[in-house]
Amino acid sequence: MDKLETLKYYFGHNTFRPGQETLVDALLARRDALGIMPTGAGKSMCYQIPALMTPGIALVISPLISLMKDQVMSLIASGVPAAYLNSSLTPKQLDLATERACQGAYRIIYVAPERLDTLSFRRFAMQAPISLIAVDEAHCVSQWGQDFRPSYLKIADFIESLPKRPPVGAFTATATSKVRSDIIRLLRLQHPVEASTGFDRPNLFFDVLRPKDKEAALKDLLRKRKNQSGIIYCATRRNVEEVAVKLEKAGYQVGTYHAGMSDRNRQENQEAFQEDRIQIMVATNAFGMGIDKSNVNYVIHYNMPRSMEAYYQEAGRAGRDGSKADCILLYSGADIFTAKWMIDHAEPNEALTPEERQAVRQEDLRRMEDMITYCTGGTCLRSYILRYFGERAPDTCTTCGNCVRDQAREHLFPFKKKPAVPKQEEEQPVDPDNLFELLRHCRLELARQNHVPPYMICADKTLLDMVRKRPRNPDEMLDVDGMGVKKIGKYGSAFLLVLRRYAASHPGG
């Protein structure tokens, strides 16, 4: 199969998204690659397609256990043999997975950077036919990145220790020019092919509110978003607990997630959110990096994050499937004191000299000032974000709260929370009895039967495409975006049954 046939067969897409094909071609040609693409732009496809087209095993170095598990489950659901090696497995499970990997049972293996140092993994790597190495969340290698992880500094040495150097791809959603340079230097990428698709997420609506009463403002926002899935980020564990209690008293079903909880409780809440058993997750920034949930309709920050990098990464967990979603920040002056306290009391990085630690602290304070300007400046929020990441942007937009309010004042029009949706995007299929909901229910049942989150069966966007196209058989189902041959084989008959029953009860509908 060529690259487009592989894309369709496993993942159900007919074309690549912007930037993907450039990076796929580079890795297929055994060139190093650097992809800077916003959340939801499809970074994983850039290495998964070459991995499936090249003999051997692709290693994906990833920082979080939950991220690995999520990606592997998604790949298996698409018919790709994949596995992960990390500390969540018992020694016996690790030995079995490594043995199966040596026998060629997997095409893609996710591994934590810390595992690269272990003797058992080094032995495996020395004899395994490694086709490529992908470094996910590559900004973690830079001390100037918001998620610096010292273990990432050892990746380059591991790659150089291999009998034959495979092509290396590095991928991140948020990288300033300084972080980008660090990625190339510290991972020792060799003349990488670069693709940056831009940081703009047109489907996201940004807003900053400065309410006198945050609790009341939050409840008001949630009332308008009933039956939608969302994340509420708080600066501290205490904030998380307080907000969760207040929302539960108001009748909302919420989950919590922060570093002070047991691993088991965090995992249970995360799975409940992923499986749509709860719709609201209240969390610190410990939550989200490993979450691939596609149908998050809103992200609300109850407190100001410490940097634009952190904010854009967290806000970007909304609307991953391309659907319209809201990113709202509730700001107050007290947030500044909280952010500064957290910077001053951050755990010191022992790998740095005292001078380097001081430089990092100054950089953190500068980032905080940029975040304050975002919250208080009153200018176009989308423009501010894009220019922060080094992109040109117009002075105004139609999809941020500041611009919408300015336009409303400019004309004595009544204030609208959201701009009008362009006509081509508001066209929805005629669906009087809500075929979409019937398909969602079918997806939920399939998820329960297969013990996976619903979005791993398919995204909401795929269900909407089914509603528009109304496929009648497996061949027509292939025209639905997101339904590849493997998924149709596993789940297609259940969806087709719903569609046929609907067609029978709605002749001509």
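Cut-offs applied
- Residues numbered from 1 in each chain as written.
- Predicted model: local features only at pLDDT ≥ 70, side-chain atom pairs only at ≥ 80, totals over all residues.
- Heavy atoms only, no water.
- Helix = DSSP H or I, 4+ residues; strand = E, 2+ residues; numbered from the N terminus.
- Rg over C-alpha atoms; globule rule 2.2 N^0.38 Å.
- Contact = heavy atoms within 4.5 Å.
- Areas by Shrake-Rupley, 256 points an atom, 1.4 Å probe, with all protein chains shown as cover.
- Lys, Arg positive; Asp, Glu negative; His and termini not counted.
- Charge placed at Lys NZ, Arg CZ, Asp CG, Glu CD.
- Salt bridge = Lys/Arg side-chain N within 4 Å of Asp/Glu carboxyl O.
- Buried < 20%, exposed > 50% of the residue type's maximum accessible area, 1.4 Å probe, protein only.
- Core = buried A, V, L, I, M, F, W, Y, C linked by side-chain atoms within 4.5 Å.
- Arc of directions from axis to C-beta.
- Axes fitted to C-alpha atoms, helices over the stretch in contact; angles between N-to-C directions.
- Parallel < 35°, antiparallel > 145°, perpendicular 65-115°, else oblique.
- Nonpolar A, V, L, I, M, F, W, Y, C, P; charged D, E, K, R; others polar.
- Pairing = 2+ DSSP bridges.

Visitor: How should the overall build of the chain be read in this particular structure?
Guide: Looking only at helices and strands, one finds 22 helices and 13 strands in the chain. Taking 2.2 N^0.38 as the reference for a compact globule, 509 residues should give roughly 23 Å; the C-alpha atoms of the chain span a radius of gyration of 23 Å, in line with that estimate. Over its C-alpha atoms, taken along the principal directions, the chain stretches across nearly 70 × 70 × 45 Å. Contacts in the chain between residues far apart in sequence, at least 24 positions, make up 73% of those at least 6 positions apart. Accessible surface for the chain amounts to roughly 23300 Å². Of this, 51% is attributable to carbon and sulfur atoms. Each charge sign in the chain was given a centre, from 69 positive and 62 negative side chains, and these centres are 2 Å apart.

Visitor: When you look at the pattern of salt bridges in this model, what are you seeing that I'm missing?
Guide: Two side chains with opposite charge may pair up if their charged atoms get near one another. If you walk through the whole model with that rule in mind, you get 34 salt bridges. Across the pair lysine 69 and glutamate 271 runs a salt bridge, and its minimum N-O distance is 3.6 Å. Remark: glutamate 271 occurs in helix 11 (residues 263-274) and lysine 69 occurs in helix 4 (residues 65-77); sequence separation between them is 202 residues. Since its relative accessible area comes to 26%, glutamate 271 is described here as partly exposed. In this structure, the salt-bridge partner of lysine 246 is glutamate 215, at a minimum N-O distance of 3.4 Å. Taken together, the residues span a long stretch of sequence, with lysine 246 in helix 10 (residues 237-249) and glutamate 215 in helix 9 (residues 214-223) at a distance of 31 residues.

Visitor: How do you make sense of the nonpolar core when you look at a structure like this?
Guide: Note on soluble globular proteins: their nonpolar side chains tend to be buried together. Of all hydrophobic cores here, the largest spans 118 residues; its most connected members are Phe206 and Tyr374. Element by element, the count of residues in this core is highest for helix 14 (residues 354-376), at seven residues. When near neighbours in sequence (up to four residues on either side) are disregarded, phenylalanine 206 contacts Tyr311, Tyr312, Ala315, Cys327, Tyr374, Leu381, Arg382, Ile385, Thr399, Cys400 and Gly401. In terms of nonpolar packing, the next biggest core, distinct from the first, is built from 25 residues, Leu435, Tyr455, Val480 and Met483 among them.

Visitor: Please clarify how helix 2 (residues 20-28) should be interpreted in this entry.
Guide: Every α-helical turn comprises 3.6 residues, leaving residues that sit three or four positions apart pointing alike. Restricting attention to buried positions, one finds in helix 2 the residues Gln20, Leu23, Val24, Ala26 and Leu27. Looking straight down helix 2, one finds that the buried residues subtend no more than 160° of arc, so they occupy a single side. Buried residues along helix 2 sit in contact with strand 1 (33-36), helix 3 (43-53), strand 6 (168-172) and strand 7 (193-196). One or two residues past the end of helix 2 sits arginine 30, with phi positive at roughly 65°.

Visitor: Just to check I follow, could you spell out the packing of helix 12 (residues 308-315) against helix 14 for this structure?
Guide: Think of two packed helices as two axes; the pair is described by the angle between the axes and how far apart they sit. Helix 14 packs onto helix 12 with a crossing angle of 60° between their chain directions and a minimal axis gap of 8 Å. As far as their axial angle goes, helix 14 and helix 12 are oblique. Contacts from Met308, Glu309 and Tyr311 of helix 12 reach helix 14 at Arg367, Met371 and Tyr374. Residue composition of the contact of helix 12 with helix 14, by class: four nonpolar, no polar and two charged.

Visitor: Mind showing me how you'd approach the sheet that holds strand 2 (residues 57-61) here?
Guide: To summarise the sheet geometry, strands pair through backbone hydrogen bonds and adopt either a parallel or an antiparallel arrangement. Spatial ordering of the open sheet is given by 3-4-2-5-6-1-7, a layout of seven strands whose pairing is parallel. Two strands close off the open sheet at either side, each with one partner strand: strand 3 (82-85) and strand 7. The sheet shows a mean angle of 15° between the axes of neighbouring strands, direction not considered. The pairing of strand 3 with strand 4 (residues 108-111) spans four bridges and is classified as parallel. The partner of leucine 85 across the bridge, within strand 4, is valine 111.

Visitor: Could you clarify how one ought to interpret the sheet that holds strand 12 (residues 298-301) in this entry?
Guide: Across the sheet, which stays open at both edges, the six strands sit in the order 8-13-12-9-11-10 with parallel pairing between neighbours. Each of the sheet's edge strands pairs with one partner strand only, and the pair in question is strand 8 (204-209) and strand 10 (254-257). Here the average twist between neighbouring strands, direction ignored, is 15°. In this sheet, strand 12 lies alongside strand 9 (residues 230-233) in parallel orientation, the contact comprising four bridges. Each residue of the ladder has a partner; that of glycine 230, found in strand 12, is tyrosine 298.

Honestly, it's all geometry; don't read function into it.
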